[in-house]
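What follows is the residue order along each chain.
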Amino acid sequence: MSQPLATDRVLEVNNIEVVYNKAVQALRGLSLAVPRGQIVALLGSNGAGKSTTLKAVSGLLALENGELESGAVMFKGRSTAAFAPQELVRQGLSHVMEGRRVFEDLTVEENLVAASYALTGRGRTAKPDFDLVYGYFPRLHERRKGLAGYLSGGEQQMLAIGRALIAEPDLMLLDEPSLGLSPKLTEDIFGIIARINAERGTSMLLVEQNATVALAVAHAGYIMENGRIVIDGSAERLANDPDVREFYLGMGGGGEARSFKNIKHYKRRKRWLS
Ligand code: ATP
């Protein structure tokens, strides 16, 4: 991938190492960048370290007894090390966590109000811009007086994204928006993600196991294994790379994603055999 100038990057993650419980090493010298205004997909199989990467960026590791042992996370050119997670939200960094975290006992609108409380002190008007959210998610407008707990899975995902959107972030971290959703709903939600990016210029770091849908909306992508990046490039290049297609998009007749390392080993072996 051609490297953009550092100032063009809303997010830079430089060589980070993350350990949980002082014992489990989840990230091993991981680096990536999100150019301003772009959607970057972070792909890889279960346990590769995708969610951990997002938590390292938004400052949520401590909640799970995780620690950023070395390396740096730079958001809009500044190290995030000195800032608490809520301060990063005020600076324009929103994290939509895996599993559609919403307050089930509050209405849709109350969920949006609660999300906007995190913005106190950002020098903005007191009234949250509900219309911004309802414009992208008309279904939430219809359900605004209903309890979030009664929403369908797709509607809860919309609300989780809406809660992030109300902060009008510069960078959204999205953790598996397709999880548990039908192909149709997944397509709808990814369409809205692409619109938010195109219309508002919101940069996004998008974690997905469904590489096909993620690469369809992303500008660029990284593939992780065992806490490291193993391949990166433009979304188009990744989507057309025969190895990526075979091993991550399940298009080589192999079904489940296998290890990228194995392909390299296989290729070396093949060279050696021929
Ligand atoms: P998934 O798609 O399954 O969420 P992932 O790529 O997001 O996978 P992570 O959840 O970041 O992967 O996990 C990376 C590694 O860190 C795994 O080995 C996992 O077991 C470990 N891990 C994640 N969270 C914790 C935690 N809270 N405590 C201890 N180990 C953890």
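Here we summarise the structure given alongside this text. It should be emphasised that the depicted structure is a prediction, and the values quoted were computed from it without experimental measurement. (Residues numbered from 1 in each chain as written. Predicted model: local features only at pLDDT ≥ 70, side-chain atom pairs only at ≥ 80, totals over all residues. Heavy atoms only, no water.)

## Regarding the environment of V108
And step 1. Position of V108 relative to the elements: it lies in helix 3 (residues 108-117).
And step 2. For V108, a relative accessible area of 0% gives the class buried.
And step 3. With 42 residues separating them along the chain, V108 and Y150 place their C-alpha atoms 9.9 Å apart.
And step 4. Beyond its immediate stretch of four places on either side in the chain, V108 contacts Y134, L140, R143, R144, G146, A148, L151 and L159. (Helix = DSSP H or I, 4+ residues; strand = E, 2+ residues; numbered from the N terminus. Buried < 20%, exposed > 50% of the residue type's maximum accessible area, 1.4 Å probe, protein only. Contact = heavy atoms within 4.5 Å.)

## Quick word on helix 7 (residues 183-200)
And step 1. Between its first and last C-alpha, helix 7 extends 25 Å over 18 residues, near the 26 Å set by a 1.5 Å rise per residue.
And step 2. Of the residues making up helix 7, those classed as buried are T186, I189, F190, I192, I193, I196 and N197. For helix 7, the angular spread of the buried residues around the axis is 155°, confining them to a single face. In this structure, helix 7 carries P183, K184, E187, A198 and E199 as exposed residues pointing more than 90 degrees from its buried face.
And step 3. In this structure, the buried residues of helix 7 make contact with strand 3 (39-44), helix 4 (130-136), helix 6 (153-165), strand 7 (171-175), strand 8 (203-208) and helix 8 (211-217).
And step 4. G201 sits one or two residues past helix 7 and shows a positive phi near 70°. (Expected span 1.5 Å × (residues − 1). Arc of directions from axis to C-beta.)

## What to know about the sheet that holds strand 8
And step 1. The strand order 6-7-8-3-9-10 describes an open sheet built from 6 strands, whose pairing is mixed. The sheet terminates laterally at strand 6 (93-96) and strand 10 (228-234), the two strands that pair on one side only. Pairwise comparison of adjacent strand axes, ignoring direction, gives a mean angle of 15° for this sheet.
And step 2. Note: strand 3 against strand 9 (residues 220-225), 5 bridges, orientation parallel. By the bridge assignment for strand 9, L43 is matched with I223.
And step 3. Together, strand 6 and strand 7 form the strand contacts of helix 6, whose direction differs from that of strand 6 by roughly 170°.
And step 4. Against the sheet, helix 7 contacts strand 3, strand 7 and strand 8, and its axis sits at roughly 160° relative to strand 8. (Pairing = 2+ DSSP bridges. Axes fitted to C-alpha atoms, helices over the stretch in contact; angles between N-to-C directions.)

## Structural notes on the nonpolar core
And step 1. Among the nonpolar cores identified, the biggest contains 44 residues, and F137, L140, L159 and I161 are the most heavily contacted of them.
And step 2. Here the element with the most residues in this core is helix 6; it accounts for 6 residues.
And step 3. Beyond its immediate stretch of four places on either side in the chain, L140 contacts V108, V133, Y134, L151, E155, M158 and L159. (Core = buried A, V, L, I, M, F, W, Y, C linked by side-chain atoms within 4.5 Å.)

## Some remarks on the packing of helix 6 against helix 7
And step 1. Where helix 6 contacts helix 7, the two axes come as close as 10 Å, and the packing angle between them is 15°. Accordingly, the angle class assigned to the pair helix 6 and helix 7 is roughly parallel. Two packed elements cross with a definite hand, and for helix 6 against helix 7 that hand is right-handed. Where helix 6 approaches helix 7, its residues G154, Q157, M158, I161 and L165 are matched on the opposing element by L185, I189, I193, I196 and R200.
And step 2. A class-by-class count of the residues in the contact of helix 6 with helix 7 yields 7 nonpolar, 2 polar and 1 charged. (Parallel < 35°, antiparallel > 145°, perpendicular 65-115°, else oblique. Left-handed = near helix turned anticlockwise from the far one by under 90°. Nonpolar A, V, L, I, M, F, W, Y, C, P; charged D, E, K, R; others polar.)

## Observations concerning the pairing of strand 8
And step 1. Within strand 8, 6 of the 6 residues are buried, leaving the element largely enclosed by the surrounding structure.
And step 2. Going residue by residue along strand 8, you find S203, L205 and V207 tucked away on one face and M204, L206 and E208 tucked away on the opposite face as well.
And step 3. Where strand 3 lies against strand 8, 5 bridges are found, and the strand directions are parallel. Its bridge partner lying in strand 8, A41 is registered against L206.
And step 4. Where strand 7 and strand 8 come together, 5 bridges link them in parallel fashion. Along strand 8, the bridge assignment pairs L171 with S203.
And step 5. Since strand 7 and strand 8 lie parallel, the crossover through helix 7 that links them has a hand, and here it is right-handed. (Right-handed = clockwise from strand over helix to strand, strands pointing away.)

## Focus: the site of the ligand
And step 1. The environment of the ligand is formed by 15 residues, the closest being N46, G47, K50, S51 and T52.
And step 2. G49 is positioned with one of its backbone polar atoms (N or O) 2.8 Å from an oxygen atom of the ligand.
And step 3. One of the backbone nitrogen or oxygen atoms of S51 is found 2.8 Å away from an oxygen atom of the ligand.
And step 4. The protein chains hide 69% of the 630 Å² of surface that the ligand would expose on its own.
And step 5. Here the shell around the ligand takes 3 residues from helix 1 (residues 50-58), the largest share from any one element.
And step 6. Partitioning the shell around the ligand into residue classes produces 3 nonpolar, 8 polar and 4 charged. (Near = heavy atom within 4 Å. Polar contact = N/O pair within 3.5 Å; in protein donor to acceptor, adjacent residues only side chain to side chain. Areas by Shrake-Rupley, 256 points an atom, 1.4 Å probe, with all protein chains shown as cover.)

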